[in-house]
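So you can see what is in the structure, the chains are spelled out below.
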Amino acid sequence: MVALGHRVTAGEAPSWCLPGGHLEDGETPVEAALREPAEETGVVAVTGRLLAVCVRTGGSGVTFGVHVTATPETALQVTEPHAVDAWHRGRPG
């Protein structure tokens, strides 16, 4: 399952995005990848696996792709409606 959020942050064009955010001080990419979905969707996962690292060449920042497992029955909650007004559950492929 892939969770896609309908992003509606003020000042930005509406778009679809994956759960994500920024690393907090002392946090590893996997720790952040476990924290962010919990904050944004209510999905609490206990393990994750780093899949990819992407360095942006047109600006600052690094993107980490991390696989986090949740059951198909897991409910996705809108916890930050000012940023994401809906979550869609999809299957890759």
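The subject of this paragraph is the overall build of the protein. Scanning the protein from N- to C-terminus turns up 1 helix and 5 strands. If you list the helices and strands of the protein from N to C, you get β-β-α-β-β-β. Taking 93 residues into account, the globule formula puts the C-alpha radius of gyration at 12 Å, and the protein, at 13 Å, falls close to it. In terms of its C-alpha atoms, the protein occupies a principal-axis envelope of roughly 35 × 35 × 30 Å. Taking all 93 residues of the protein together, the buried fraction comes to 22%. For the protein, restricting intrachain contacts to residue pairs at least 6 apart in sequence, the fraction spanning at least 24 positions comes to 43%. Summed over all atoms, the accessible surface of the protein reaches about 6,400 Å², with 57% contributed by carbon and sulfur.

Moving on: the side chain of Arg 35. Mapped onto the elements, Arg 35 comes out in helix 1 (residues 29-41). Here Arg 35 is in contact with His 22, Leu 23, Glu 24 and Glu 27, once residues within four sequence places are set aside.

So, about the pattern of salt bridges. All told, the structure shown has 5 salt bridges when counted by the stated rule. The closest approach of N and O atoms between Arg 35 and Glu 24, which form a salt bridge, is 3.5 Å. Of this pair, Arg 35 sits in helix 1 while Glu 24 is found in the loop between strand 2 (15-17) and helix 1, placing the two residues 11 residues apart along the sequence. Judged by relative accessible area, Glu 24 falls into the partly exposed class, the value being 43%. For Glu 39, the salt bridge goes to Arg 35, with nearest N and O atoms at 3.2 Å.

Right, let's talk about the side chain of Thr 74 for a bit. Its location among the elements puts Thr 74 in the loop between strand 4 (62-68) and strand 5 (84-90). For Thr 74, a relative accessible area of 18% corresponds to the buried category.

Next up on the list: the environment of Pro 14. In this structure, Pro 14 sits in the loop between strand 1 (2-7) and strand 2. Once the C-alpha coordinates of Pro 14 and Ala 83 are considered, the two residues, 69 residues apart in sequence, prove to be 9.7 Å apart. For Pro 14, the residues in contact, after removing those within four places along its chain, are His 6 and Arg 7.

A cluster of nonpolar side chains, namely Leu 23, Leu 50, Val 53, Val 55, Val 62 and Phe 64, defines an oily patch on the protein surface of about 510 Å² accessible area. Every element with two or more residues in the nonpolar patch is listed here: strand 3 (48-55) and strand 4. Broken down by element, the residue count for the nonpolar patch peaks at 3 residues, all from strand 3. Considering the arrangement of structural elements, one finds Phe 64 in strand 4.

The next thing to look at is the confidence of the model for the protein. Per-residue pLDDT for the protein averages 85, and the proportion of residues at 70 or more is 96%. The spread of mean pLDDT over the elements of the protein runs between strand 4, the lowest at 78, and strand 2, the highest at 91.

Parameters at a glance
- Residues numbered from 1 in each chain as written.
- Predicted model: local features only at pLDDT ≥ 70, side-chain atom pairs only at ≥ 80, totals over all residues.
- Heavy atoms only, no water.
- Helix = DSSP H or I, 4+ residues; strand = E, 2+ residues; numbered from the N terminus.
- Rg over C-alpha atoms; globule rule 2.2 N^0.38 Å.
- Buried < 20%, exposed > 50% of the residue type's maximum accessible area, 1.4 Å probe, protein only.
- Contact = heavy atoms within 4.5 Å.
- Areas by Shrake-Rupley, 256 points an atom, 1.4 Å probe, with all protein chains shown as cover.
- Salt bridge = Lys/Arg side-chain N within 4 Å of Asp/Glu carboxyl O.
- Patch = residues over 30% accessible without salt bridge, like charges linked within 9 Å, V, L, I, M, F, W, Y side chains within 5 Å.
- pLDDT = per-residue confidence, 0-100.

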